[in-house]
Amino acid sequence: MLAAVRTFAILGVEAREVLVEADVRNGLPSFALVGLPDAAVRESRERVRAALANSGFEFPQMRITANLAPADLRKAGPGFDLAIAAAVLAATKQLPEGALADVALAGELALDGSIRAVPGTLAMAEAASRAGARAIVVPAACGPEAALVAGCGIVPVERLEQLQRLGGEDEPPRPPALSPPPNGDGPVPDLADLRGQPALRRGLEVAAAGGHSLLVSGPPGAGKSMAARRLPSILPPLGPDEAIAAARVASACGRSVGPAVARRRPFRAPHHTVSTAGLIGGGNPPRPGEVTLAHQGVLFLDELPEFGRDTLEALRQPLEDGTVLLVRARYAIELPCRFQLIAAANPCPCGTGPRSGQCSCDPASVRAYEAKLTGALADRIDISMAVEQPDLSSFTEAGESSAAIRDRVLAARERQRARSRGDRANAQLTPAEIEIGAEIERMLADAGLAAGLSGRGRGRVIRLARTVADLDQAEAIEVAHVDEALTLRRRESR
Amino acid sequence: MSAGGPWAIERSSTDYPVCLTDLDPPEQPLLYGAGRRDAIAGLARDPVVTIVGARQASGYGLRVAERLGRDLAVAGVTVVSGMARGIDAAAHRGALLGGGATIAVLAGGPDNVYPPMNRALYREILGVGAVISEHPPGTEARKHQFPARNRIMAALGAVAVIVEAAQPSGSLITADLAAKLGRTVGAVPGQLGVRVAEGANDLIKEGAHLIRDARDVLDLLFGVGVEPGRPQLHAAPAPRAGPPLKAPLRAVVELVGGGAATVDRVALDGDLAPREAAVALARLERLGYVTADPFGRWGRTDLTPPDRAPGGRH
Ligand SMILES: Nc1ncnc2c1ncn2[C@@H]1O[C@H](COP(=O)(O)OP(=O)(O)OP(=O)(O)O)[C@@H](O)[C@H]1O
Ligand SMILES: [Mg+2]
Ligand SMILES: [Zn+2]
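Residues numbered from 1 in each chain as written. Chains lettered and ligands numbered in written order. Predicted model: local features only at pLDDT ≥ 70, side-chain atom pairs only at ≥ 80, totals over all residues. Heavy atoms only, no water.

### Comments concerning the overall build of chain B
Alright, step 1. Across its full length, chain B carries 11 helices and 13 strands.
Alright, step 2. Against the 2.2 N^0.38 benchmark of 20 Å for 314 residues, chain B shows a C-alpha radius of gyration of 21 Å, consistent with a compact globule.
Alright, step 3. If one aligns the C-alpha atoms of chain B with their principal axes, the spans along those axes are about 65 × 45 × 40 Å.
Alright, step 4. Expressed as a percentage of its 314 residues, the buried residues of chain B come to 53%.
Alright, step 5. Put simply, 70% of the contacts in chain B that link residues at least 6 apart link residues at least 24 apart.
Alright, step 6. As presented, chain B carries roughly 13800 Å² of accessible surface, and 54% of it is formed by carbon and sulfur atoms.
Alright, step 7. Each charge class in chain B can be summarised by its mean position, and for the 34 positive and 32 negative side chains these summaries are 4 Å apart. (Helix = DSSP H or I, 4+ residues; strand = E, 2+ residues; numbered from the N terminus. Rg over C-alpha atoms; globule rule 2.2 N^0.38 Å. Buried < 20%, exposed > 50% of the residue type's maximum accessible area, 1.4 Å probe, protein only. Contact = heavy atoms within 4.5 Å. Areas by Shrake-Rupley, 256 points an atom, 1.4 Å probe, with all protein chains shown as cover. Lys, Arg positive; Asp, Glu negative; His and termini not counted. Charge placed at Lys NZ, Arg CZ, Asp CG, Glu CD.)

Below, the structure written as structure tokens:
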């Protein structure tokens, strides 16, 4: 007696189809699991055995072989339990005829027969829909998340015995799609808390309005980290497609998809001791890193020069491409990572800055420190600004609130959308896509001579100037916009 | 570029620098050069000081080297160095700022700009001074040629000043060669515990003259207190006059010159809106008055608003 059931493996953030075949025949009772299972999948046999017995089914005292295909894909985790159990049940005729027709299943079994949540049901539901399945059976806890996907039935199940109701009159109904959690899953800190620092506020506003990357340097306690953590409060909300993309990542990584559904942009701030695999993604099977968790949001690298050189170097390609490619012996996966980079740094190891006259650093260590900043990542940074300790007098009044700044950011983004008829922010445009007048052209040529503006730097200035003009609600880029952009831009090291 | 292409001076020529004949083993029969040939003739007439130091210099070292080069040049001293990154380049740059002749001794041929990053400096040196080498044009700078280059630098200067040097380093070898040739050796003290300062501090401990400023060097050249009858020491270097500036921009130049290194500081001290300060800085950068580093910290260039420069009104 043979039965086959469809399920999915999560590879990175994608769902790959896996076929579970169960062959049950007479012989010495045994339960073999083949097809490159990892330890957790092998333990699946014990969970399936107990769950069947505790759900009123019969565990067959026969020779059982379950095969997970394709065999060359390494299967990890307990998410195959439900499909394996279903295949065994089907092979032993314990389910109604046709119950499993055209459905896929995913879920982990508890010994008592209840079904536990698994990561990635959103991507699985999408894959099931693409594969033309009638429905996907998912743990009830994952139902609302999977139901974000239209185009395929979602059957939430709490217990194994509910499989008997599949395809029948009393099949568990599609759950309502996950609704945004009230308050978007907790408060976002507000920029009103940041006192003084007008240049930094302006830098954040421009960065938010055009999606530009930013490096802020300054002495300890200036509020750099504090300000960076408040960037999400002025960012535009996720668009519908962006929200699904962010939710897909969160789901695949076993995190709450609530914030994404609330249209909130992810904010990730990995510690500088993070490994390259932790930042970029890696391992076998490959797991997404911080850059992917920051997809459609912000990656904040606090104390940038403290990060490992190789780690920063490894960020280059993902920053450029918006994806991470992880190549393994038998396959390669692509992980999405379109994020906005924000970085903070002290100007030198002692923090006072080599030009301050108070710096006590060895010049060699200052140079190594600067080299890290001006090395690998620097040419991926659009805005660079130096800040100082906040002025004490500025502590008397609260700063402008995030809501007010966000209004300007949204208006600027609206202009960008209308102009480019797309979702790309200014930071993603090529200089050729941005119109500049003859006067600005001349001005940039002059700046090329006097202010050392390189070709790459020129593009950066044009993009920034476009954003400054958008914040001004200006149709054309004006001289003052370019001047502000020239100040904001990151300069090449000399 | 002045004076056409490279040239060569034979040992028998009257222009040949006499001080090189002190060398043992003897110098090469031909000295190659580019730039102003008369700068070589000047070596016999004017006082000559060699300034060398670390490539990996500190900000302090670079400032001192540039200042020394400038003030010595103002006093009519020809500054010799090796055009390397760091102290050498700073000394040359200072001499150029001071409006004096400066000579770079190269390890490769006189047309071989090494390091290539100093190409702009090379061109400026050719304009008012010269580069010289033991090797004919077309010779690349190779490692084994650097000791010979150091020998020539050591021989040319009546005084050799080491600004920053690690232990061991080429600069210390130059100091050693200079001492063996009977030249006076001086060193600028450096910060304790900083590696590039060790070599210079060691030299002082071993008896090299302590150099604090150009006056200390002039004292070594001419005797304590004797003025060389040249333009005054510490006179401001001939400032390059920039394009005219309106009052608000001029005020910002002065703020930056006074140490305002961030947009916020300029805005605060200049009583400007932050965006006005940002725009003002960009305008001044386009005019050449200020520059910023990769971190966005601002500083002044050597450009001076015109009516403050000598020759303007007051
Ligand atoms: N501009 C400011 N406005 C309000 N509070 C501030 C400001 N700057 C600093 N603080 C206070 O000081 C604390 C430390 O600031 P923060 O950690 O942001 O400094 P930092 O610039 O990141 O310093 P470090 O270089 O040490 O990381 C903040 O949590 C906040 O309480
Ligand atoms: Mg911090
Ligand atoms: Zn320091």
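### What about the domain arrangement of chain A?
All names here are of chain A.
Alright, step 1. In terms of domain boundaries, chain A breaks down into domain 1 (2-165), domain 2 (187-421) and domain 3 (429-494).
Alright, step 2. Computed over C-alpha atoms only, the centres of domain 2 and domain 3 are separated by 23 Å.
Alright, step 3. Each side of the interface is counted separately: domain 2 has 24 residues, and domain 3 has 19 residues.
Alright, step 4. For the pair domain 2 and domain 3, the two sides together bury roughly 1800 Å², of which 51% comes from carbon and sulfur.
Alright, step 5. By the criterion of area lost to domain 3, the three top residues of domain 2 are Arg202, Asp382 and Arg415, representing 30% of everything that side buries.
Alright, step 6. Applying the counting criterion to the domain 2 and domain 3 interface returns 4 salt bridges.
Alright, step 7. Between arginine 419 and aspartate 470 there is a salt bridge whose closest N-O contact spans 2.8 Å.
Alright, step 8. For the pair domain 2 and domain 3, the interface holds 9 residue pairs in polar contact (both at pLDDT 80 or more).
Alright, step 9. Considering every element that reaches the side of domain 2 that touches domain 3, the biggest residue donor is helix α14 (residues 402-420), with 7 residues.
Alright, step 10. Looking at side-chain class alone, the side of domain 2 that touches domain 3 contains 9 nonpolar, 6 polar and 9 charged residues. (Domains from an automatic or database assignment. Buried area = accessible area lost by both parts, 1.4 Å probe. Salt bridge = Lys/Arg side-chain N within 4 Å of Asp/Glu carboxyl O. Polar contact = N/O pair within 3.5 Å; in protein donor to acceptor, adjacent residues only side chain to side chain. Nonpolar A, V, L, I, M, F, W, Y, C, P; charged D, E, K, R; others polar.)

### Observations concerning the pattern of salt bridges
Alright, step 1. Using the criterion set out here, one finds 43 salt bridges over all chains in the structure.
Alright, step 2. The residue arginine 466 of chain A makes a salt bridge to aspartate 470 of chain A at a minimum N-O spacing of 2.9 Å. Of this pair, arginine 466 of chain A and aspartate 470 of chain A are both found in helix α16 (residues 455-471), 4 residues apart, which corresponds to roughly one turn of the helix. Taken individually, arginine 466 of chain A and aspartate 470 of chain A each receive the classification buried, so the pair is uniform in this respect.
Alright, step 3. Across the salt bridge formed by aspartate 216 of chain B and arginine 212 of chain B, the nearest N and O atoms sit 3.0 Å from each other.
Alright, step 4. The buried category is assigned to aspartate 216 of chain B, whose relative accessible area is 12%.

### Considerations on the site of ligand 1
Residues and elements named next belong to chain A.
Alright, step 1. As a structural note, the neighbourhood of ligand 1 is formed by 16 residues, with Arg195, Gly221, Lys224, Ser225 and Met226 the closest of them.
Alright, step 2. Glycine 221 places a polar main-chain atom, nitrogen or oxygen, 2.8 Å from an oxygen atom of ligand 1.
Alright, step 3. The contact in question runs from an oxygen atom of ligand 1 to an N or O atom on the side chain of serine 225, over 2.6 Å.
Alright, step 4. In isolation ligand 1 offers 630 Å² of accessible surface; the protein chains occlude 68% of this area.
Alright, step 5. Residues that form the shell around ligand 1 fall into these classes: 7 nonpolar, 5 polar and 4 charged. (Near = heavy atom within 4 Å.)

### Overview of the side chain of aspartate 23 of chain A
All names here are of chain A.
Alright, step 1. Mapped onto the elements, aspartate 23 comes out in strand β2 (residues 14-25).
Alright, step 2. Classification of aspartate 23 as buried rests on a relative accessible area of 17%.
Alright, step 3. For aspartate 23, the side chain forms a polar contact with the side chain of arginine 25, separated by 2.8 Å.

### Brief notes about the nonpolar core
Residue and element names in this part refer to chain A.
Alright, step 1. Judged by nonpolar contacts, the single largest core of 76 residues is most densely connected at Leu163 and Leu315.
Alright, step 2. The biggest single contributor to this core is helix α3 (residues 81-91), with 9 residues.
Alright, step 3. When we break this core down by domain, the ones giving at least three residues each are domain 1 (2-165) and domain 2 (187-421).
Alright, step 4. Once residues lying within four places of it in the same chain are set aside, the contact partners of leucine 315 are Leu279, Ile280, Val291, Leu299, Leu301, Phe339 and Leu377.
Alright, step 5. Listed in part, the 47 residues of the second largest apolar core include Leu214, Met385, Ala412 and Leu471. (Core = buried A, V, L, I, M, F, W, Y, C linked by side-chain atoms within 4.5 Å.)

### With respect to the pairing of strand β15 (residues 323-327) of chain A
Alright, step 1. Burial along β15 of chain A is one-sided: the residues Val324 and Leu326 of chain A are buried and none of Thr323, Leu325 and Val327 of chain A is.
Alright, step 2. Taking the residues between adjacent antiparallel strands as the criterion, β15 of chain A and strand β16 (residues 332-336) of chain A are bridged by 4 residues. (Pairing = 2+ DSSP bridges.)

### Thoughts on the confidence of the model for chain B
Residues and elements named next belong to chain B.
Alright, step 1. Of the residues in chain B, 91% have a pLDDT of 70 or more, and the chain-wide mean is 85.
Alright, step 2. In the model, residues 228-237 has pLDDT below 50 throughout and makes 19 contacts with residues more than four positions away in sequence or in other chains.
Alright, step 3. Every residue in residues 308-314 scores below 50 in pLDDT, and together they form 7 contacts with partners more than four places removed in sequence or on other chains.
Alright, step 4. Scored as a whole, the predicted complex attains pTM 0.71, and scored at its interfaces, ipTM 0.83. (pLDDT = per-residue confidence, 0-100.)

### Observations regarding the environment of valine 24 of chain A
All names here are of chain A.
Alright, step 1. Along the chain, valine 24 falls in strand β2.
Alright, step 2. Considering only alpha carbons, one finds valine 24 and threonine 65, 41 residues apart in sequence, at a separation of 6.5 Å.
Alright, step 3. In contact with valine 24, not counting residues within four places along its chain, are Met1, Pro60, Met62, Arg63, Ile64, Ala91 and Thr92.

### Some thoughts on the packing of aromatic side chains
Alright, step 1. Overall, the coordinates contain 3 aromatic pairs over all chains when judged by the stated rule.
Alright, step 2. Ring centres 6.0 Å apart and planes at 35° place the aromatic pair phenylalanine 267 of chain A and phenylalanine 300 of chain A in the tilted group. In this pair, phenylalanine 267 of chain A sits in strand β11 (residues 267-268) while phenylalanine 300 of chain A sits in strand β14 (residues 298-301), placing the two residues 33 residues apart along the sequence.
Alright, step 3. Taking the centre distance of 5.8 Å and the plane angle of 65° together, the rings of tyrosine 114 of chain B and phenylalanine 146 of chain B count as edge-to-face. Taken as a pair, tyrosine 114 of chain B in the loop between β5 (102-105) and α4 (119-128) and phenylalanine 146 of chain B in helix α5 (residues 146-156) lie far apart in primary sequence, 32 residues in all.
Alright, step 4. Judged by its relative accessible area of 23%, phenylalanine 146 of chain B is partly exposed. (Phe/Tyr/Trp six-rings, centres within 6.5 Å; stacked < 30°, edge-to-face > 60°.)

### What to know about the interface of chain B and chain A
Alright, step 1. At the interface, 31 residues of chain B touch 40 residues of chain A.
Alright, step 2. Taken together, the two surfaces of chain B and chain A that pack against each other cover about 3000 Å², and 52% of this comes from carbon and sulfur.
Alright, step 3. Among the residues of chain B in contact with chain A, Arg275, Arg286 and Phe295 of chain B are the three that bury the most area, contributing 27% of the side total.
Alright, step 4. Applying the counting rule to chain B against chain A returns 6 salt bridges.
Alright, step 5. Its salt-bridge partner being arginine 265 of chain B, residue glutamate 388 of chain A comes within 3.1 Å of it at the nearest N-O pair.
Alright, step 6. Going through the elements one at a time, α7 (195-205), α10 (263-270), α11 (274-287), β11 (290-292) and β12 (298-300) of chain B are the ones with two or more residues in the side of chain B that touches chain A.
Alright, step 7. Ranked by the residues each element gives to the side of chain B that touches chain A, the list is headed by α11 of chain B, at 9 residues.
Alright, step 8. Its residues placed into classes, the side of chain B that touches chain A shows 14 nonpolar, 8 polar and 9 charged.

### Description of the sheet that holds strand β18 (residues 383-386) of chain A
Residue and element names in this part refer to chain A.
Alright, step 1. The sheet built from 5 strands is open, its strands ordered β11-β14-β17-β10-β18 with parallel pairing. For this open sheet the edge positions go to β11 and β18, each flanked by a neighbour on one side alone.
Alright, step 2. Judged from the 4 bridges that link them, β14 and strand β17 (residues 340-345) form a sheet pairing that is parallel. Bridge pairing links valine 298 to glutamine 340 in β17.
Alright, step 3. Packed on one face of the sheet, helix α6 (residues 198-210) meets β10 (214-217), β17 and β18 and runs near 170° to β18. (Axes fitted to C-alpha atoms, helices over the stretch in contact; angles between N-to-C directions.)

### Some points on the domain arrangement of chain B
Alright, step 1. Looking at chain B, the domain boundaries give domain 1 (4-222) and domain 2 (240-304).
Alright, step 2. With centres defined by C-alpha atoms, the gap from domain 1 of chain B to domain 2 of chain B works out at 35 Å.

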